Amino acid sequence: MTNSCSQGFFITFEGPEGCGKTTQTQVLAQRLRELGHVVTLTREPGGTVLGERVRQLLLHAIDVPLAPRAEALLFAASRAQFVEEAIRPPLAAGEVVLCDRYADSTLAYQGYGRDLDRRALREVLDFATGGLTPDLTLLLDLPAEEGLRRKLQALVPGEMPNWDRFEQQDMDFHRRVREGYRQLAAAGGRWVVVDATQPVPDVERYIWQVVTQALGNSKRIMIPVEPQTNCGWV
Ligand code: Z5A
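Residues numbered from 1 in each chain as written. Predicted model: local features only at pLDDT ≥ 70, side-chain atom pairs only at ≥ 80, totals over all residues. Heavy atoms only, no water.

### Regarding the pattern of salt bridges
Applying the stated criterion across every chain yields a total of 17 salt bridges. Here Asp100 makes a salt bridge to Lys21, at a shortest N to O gap of 2.8 Å. Placement of the pair is Asp100 in strand S3 (residues 96-100) and Lys21 in helix H1 (residues 21-34), with a sequence separation of 79 residues. The buried category is assigned to Asp100, whose relative accessible area is 10%. One connected set of salt bridges, linked through shared partners, spans Asp141, Arg178, Glu179 and Arg182. (Salt bridge = Lys/Arg side-chain N within 4 Å of Asp/Glu carboxyl O. Helix = DSSP H or I, 4+ residues; strand = E, 2+ residues; numbered from the N terminus. Buried < 20%, exposed > 50% of the residue type's maximum accessible area, 1.4 Å probe, protein only.)

In structure tokens, the structure reads:
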């Protein structure tokens, strides 16, 4: 797959449930904006009117039976609209685009989690995205049990969890997803694995180091130099 429209820089965040993507994308967007970058922060499934409706169906309409292939194709349909409407325009305008989940989630959840044919899925993904791949993909890696524990911990005392279609899956499903991500990331290239078991500020520092280096290496976007104190992770 090739990127044909990028003047900007496309960064995706991936990982199992509760790995910290929402927390880290928000912090990173703010820090990049403080440096003067124009940043689009978006997410999948969602990010467009169509995507938000499909999200409802995929995650919350658990009374609607969905066969694994139907599920994969709904994610792909939503993504096709998402790429045209929410990703290509800001990239063409030279922005930094941060996306909480993208096509690799389909390989991890539908490919490894649901055990669908990953070669077929890659063809569907290529068609849906028109071949648009991220410049950088950060895998926030942590054990499946820990991600789900964090989500439970975030509930206010006495609150009953309102699990969505994926959160209701058994632990083996979530373990397959995590392992799938690790296998995808083993390809190297655009993938960087982040130890998401570390405290939030440490994860944040490491991501900042990786992102500023990637942006600095890119000929597309100039990033102003920041004081050394913000790059302390080892
Ligand atoms: N899905 C799919 O199957 N196929 C696809 O193609 C796509 C998606 C695109 C979307 O769920 C579901 O769709 C997802 C995969 C599937 N389901 N699952 N499972 P979503 O959008 O509702 O949720 P999510 O993407 O899975 O994210 P999340 O569960 O909301 O978690 P998160 O954004 O990665 O983490 P967070 O909200 O930042 O943090 C979770 C909690 O942990 C929170 O209380 C934080 O304060 C805490 N936290 C964060 N970082 C730390 C650290 N470092 N230490 C301790 N505590 C922390």
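### A short note on the layout of surface pockets
In this structure, the largest pocket encloses a volume near 740 Å³. Lining the largest pocket are 35 residues, with Glu17, Gly18, Lys21, Arg101 and Lys151 positioned closest to its centre. Those elements that place two or more of their residues in the lining of the largest pocket are H1, helix H2 (49-60), helix H3 (68-92), helix H4 (103-113), helix H6 (144-153) and helix H8 (200-217). Partitioned by chemical class, the residues of the lining of the largest pocket number 13 nonpolar, 10 polar and 12 charged. (1 Å grid on protein atoms, 1.4 Å probe; cavity = no way out; pocket = protein on both sides within 12 Å on 5 of 7 lines; lining within 4 Å. Points joined across faces, edges and corners; volume = space filled by probe spheres on them. Nonpolar A, V, L, I, M, F, W, Y, C, P; charged D, E, K, R; others polar.)

### Examining the nonpolar core
Looking at soluble globular proteins, one finds that nonpolar side chains tend to be buried together. Of all hydrophobic cores here, the largest spans 31 residues; its most connected members are Phe10, Ile87, Tyr102, Tyr109, Leu132 and Tyr181. If you list the elements that add at least two residues to this core, you get H2, H3, S3, H4, helix H5 (118-129) and helix H7 (171-185). Of all the elements, H3 adds the most residues to this core, at 7 residues. Grouped together as the second largest cluster of nonpolar side chains are 25 residues, Cys19, Leu98, Leu138 and Leu140 included. (Core = buried A, V, L, I, M, F, W, Y, C linked by side-chain atoms within 4.5 Å.)

### Focus on the packing of H4 against H5
It is at 10 Å that the axes of H4 and H5 come closest, and there the two elements cross at 155°. Looking at the two axes, H4 sits roughly antiparallel to H5. Helix-helix and strand crossings are classified by hand; for H4 and H5 the assignment is right-handed. In this structure, H4 uses Ala103, Thr106, Leu107, Gln110, Gly111 and Tyr112 to contact H5, whose residues at the interface are Arg118, Leu121, Arg122, Leu125 and Thr129. (Axes fitted to C-alpha atoms, helices over the stretch in contact; angles between N-to-C directions. Parallel < 35°, antiparallel > 145°, perpendicular 65-115°, else oblique. Left-handed = near helix turned anticlockwise from the far one by under 90°. Contact = heavy atoms within 4.5 Å.)

### Some thoughts on empty space enclosed by the protein
Throughout the structure, instances matching the rule amount to 1 cavity of 30 Å³ or more. Taken as a whole, the largest cavity spans an internal volume of roughly 40 Å³. If you go around the largest cavity, the residues you meet are Gln24, Val27, Leu28, Arg31, Glu204, Ile207 and Trp208. Mapped by element, the contributors of at least two residues to the lining of the largest cavity are H1 and H8. Here the residues of the lining of the largest cavity are counted per class, giving 4 nonpolar, 1 polar and 2 charged.

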